[in-house]
Amino acid sequence: MNIKHTCLLLFILFLGHTTLQAQVKGIGNVNSVDVQGQQVNVVTDNAFAQITVYTPGVIRVRIDKKKLGDDFSYAIIATPQKTNTNITQNAQEVTILTDSLKAVIKKSPFSLSFYNKDGALISEDETGLTTSWVNESVTTYKKMQDGERFIGLGEKTGNLDRRGTGYTNWNTDAFGYSDTQDPIYSTIPFYIGIHHNINYGIFLDNTYQTDFNFGASNNRFSSFGARGGEMNYYFIYNKHIADIITAYTALTGRMKMPPLWSLGYQQNRYSYYPETEVFRIAQTLREKKIPADGITLDIHYMDKYKVFTWDKTRFPDPKAMTAKLKDMGFKLTVIVDPGVKVEPGYGVYDRGVKANIFAKYPDSTNYQGEVWPGWCNFPDFTNPKGRAWWGNEIKKYGDDGISGLWNDMNEIATWGQKMPDNIIFDYEGHKASHLQTRDVYAMQMARASYEGAKAAFGKRPFILTRAGYAGFQRYSAIWTGDNRAEDSHMLLGVRLLNSLGLSGVAFTGMDIGGFAGNGTPALFGRWMQIGAFNPYFRNHTAVNTKSAEPWTFGEEVLETSRNYVNLRYMLMPYLYSAFYQATQNGQPLMRSLAIDYTFDPNIYNTQFQTQYLFGSAFLVAPFDGTAGFGKVYFPQGKWYDMYTGEVQSGGQSKIIELSAHKLPVYVKESSIIPMQSLVQTTAQLPTDTLVVHIYNGAVNNQYVYYEDDGESFGYENGAYFKRAISYDAANRSITFGSVEGSFKSKFNTIKLVMHGFDGNASFKINNKAAAFNNDFVSYLTPVSKFDPQGNSHNVEGDRVKSAFVKNDNTQFSITY
């Protein structure tokens, strides 16, 4: 090779190296630092950064290649709080110190690390990688700590501990998704890292497609990034995961109190029609003594699948139908899809065109995509005008007596599943393409539905969504979409709901029995048992599947299902109080064991990762419907078998025999569980005695009991009944505090039921000897044997002590 050729080759290699460097651009060294109160503004070789103290435990980081623009977020509702902050710098670094955190900004090159107040490292940028861009994609790389675990990230398949995997957020219509498929329906770019007895959270607030890598295909780093926009994340530190969730939901918001009826059992299928079939289902639920509060209509109630219409042949008088259902104790929820059929003369379409609220191509023509009604336009829910238009259309549902709206197909789903990138949305006046808007579209549809229904219904609406973005919990419950009637999907559903709970979403559910395919009696029976311990309890199956109501699987499954629906309704005071807690601190009802037993390695074992706490009291251990034996892990403490009162010591696993009639459920020591008499619908008042079960224990417990009218917003103005109940193990006392709020309880009497106390134990109420009687508690009705030799299985229960007290507003204490 001559000199000329050699020089040419070197020049080509140089160009290639230069081009590669141009494609991958690091943040570079710090050139200037400007401190303004709790904020540090930094200019580097290649970027602009802003680090802001939000609270003592929350620090926000913004980085972009250009000067930082408008600060807008659909997710964040909080603003920085005035915080005790000390910011210092020298030639090598900037230090930000709060009462909880120390953040250090290295200057050469720019990198961030976070420490707790004891000086222990929480998280740090990976040396040499930190934050960089590949074209318009931006990624931050964090050093992966020894033994670090990663949990959360919302509705994601896979294991509880996500180490070794990667995930993408891009809301996707994922019919019949597999056990490992990613992405599926919703986007919550928030995860929690755990290592060396330390936890932290990171929320990446960017609505472009985002990607998370927890050591997938590399052994060096975890990372998070977006395909466009700025690097914008919140670093959250607290000693306890529960408090990290509380801090995250302080940023992104919490749910409102749901209508009481939405906590009851909901019966659905794709689809119930005509109205005579709806009444048949309602009447059968009542005849079979299966408590229920809701029936849901899928797309066949509409005129040719057109949103905000009724098929008048199938449903000639919707208002009369909902009135009759109300008389039977049922509320009606209807599905709404975003696609509006392009059909001049169809009022909804005509009004949308007139209001000019549809998403558009760059040439200002309305985008058309094909879904159930045919070719459709799509309301721009990122436009306040679009949300107002949608809310106005909901008024007709209010007039018709509808109580709930089920937002479906809002990923956005279209046939072909390939919406063009160049569709333009308003994005609150910022104008954004489909690439930036897709993951937030469903959240804004849920917002429009909530705001419209709140105005139209005159009381708390129930809103359900299939997709969403961080913060959608302010407006809607979510279910896990089109699952399959398989044991693996039932258990996957549990993990999905637990992960959503870790991610700030308390009101969650899955299609009980499975949507796609035909389940077996064993599967359905077990799924109904688990469903009773889900926040949202809805049975649902697809068109062209076998009927999947509880009575369609035989008498044994019917009796088993009825037992657990009955238990659900007796637990309604416990459920409702747990939902109140979610409105106050963001804590989920379905609690992954990682929340309360974070550093116990056993809970991350795949054998036990589907176990969860339901509220603060119940340990639920799901197994598939045909398993004869199963292994349960009992975390630290003392656990009571819910059915028999038998005590199991924690910190160990145990193989138990399983029954098709009974879901393994245990009660944590020192638990306080309010219950009521059985009703067939929440529209029916229970007896006026609140039954409070108290389990003997060696740990302290604080519990808040809560009531309101279950349907209005009066609770926001003090119309509630709230009472703190404390269990003091050291002083052997249980104290019912004074009542807060102006609402009168529906219960005039409290029945105290004492579990696990010595048979000779004596009790005092307000230091006066009290007579507690021997009693027997059984939560399930024995299932029939279905043979000529016997009527049913044996009764299981717990021998307890009980006494009655008046439920007035004053404080009282029980000592033992």
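Relevant structure appears above.
Residues numbered from 1 in each chain as written. Predicted model: local features only at pLDDT ≥ 70, side-chain atom pairs only at ≥ 80, totals over all residues. Heavy atoms only, no water.

A. Structural context of the environment of valine 699. Take valine 699: it is sitting in the loop between strand S42 (689–695) and strand S43 (701–707). Take valine 699: its relative accessible area is 34%, and that puts it in the partly exposed class. For the pair formed by valine 699 and serine 671, sequence separation is 28 residues and the distance between their alpha carbons is 9.5 Å. With residues up to four places along the chain from it excluded, the contact list for valine 699 reads Glu669, Ser670, Tyr727 and Ala729. (Helix = DSSP H or I, 4+ residues; strand = E, 2+ residues; numbered from the N terminus. Buried < 20%, exposed > 50% of the residue type's maximum accessible area, 1.4 Å probe, protein only. Contact = heavy atoms within 4.5 Å.)

B. Structural view of the sheet that holds strand S40 (residues 665–668). Taking strand neighbours across the sheet as the criterion, the 6 strands line up as S33-S34-S35-S40-S37-S38 in an open arrangement whose pairing is antiparallel. Edge strands, defined here as strands with exactly one partner in the open sheet, are strand S33 (590–592) and strand S38 (647–649). Going across the sheet, the axis of each strand differs from the next one's by a mean of 35°, ignoring polarity. Bridging between strand S34 (residues 612–614) and strand S35 (residues 618–620) involves 3 bridges; their strand directions are antiparallel. Looking at S35, one finds that leucine 613 is bridged to leucine 619. (Pairing = 2+ DSSP bridges. Axes fitted to C-alpha atoms, helices over the stretch in contact; angles between N-to-C directions.)

C. Looking closely at the sheet that holds strand S48 (residues 768–770). Spatially, S43-S44-S45-S53-S47-S48 is the arrangement adopted by the 6 strands of the open sheet, whose pairing is antiparallel. Two strands close off the open sheet at either side, each with one partner strand: S43 and S48. On average, each strand axis in the sheet is inclined to that of its neighbour by 25°, with strand direction left out of account. Sheet topology places strand S45 (residues 733–736) next to strand S53 (residues 812–815); 4 bridges connect them, and they run antiparallel. The residue of S53 that forms the bridge with isoleucine 734 is isoleucine 814.

D. The arrangement of the packing of helix H6 (residues 384–399) against helix H7 (residues 434–457) in detail. Contact geometry of H6 with H7 gives a least axis separation of 8 Å together with a crossing angle of 45°. Accordingly, the angle class assigned to the pair H6 and H7 is oblique. When you trace H6 past H7, the crossing you get is right-handed. Judged by residue contacts, Arg387, Trp390, Gly391, Ile394, Lys395, Tyr397 and Gly398 of H6 engage Gln444, Met445, Arg447, Ala448, Ser449, Glu451, Gly452, Ala453, Ala456 and Phe457 from H7. Looking at the contact of H6 with H7 residue by residue, the classes come out as 8 nonpolar, 5 polar and 4 charged. (Parallel < 35°, antiparallel > 145°, perpendicular 65-115°, else oblique. Left-handed = near helix turned anticlockwise from the far one by under 90°. Nonpolar A, V, L, I, M, F, W, Y, C, P; charged D, E, K, R; others polar.)

E. Structural view of the environment of aspartate 688. Mapped onto the fold, aspartate 688 is located in the loop between strand S41 (672–675) and S42. C-alpha of aspartate 688 to C-alpha of asparagine 356: the two residues are 332 residues apart in sequence and 54 Å apart in space. Contacts of aspartate 688, omitting those with residues within four sequence positions, involve Lys746, Phe747, Asn748 and Thr749.

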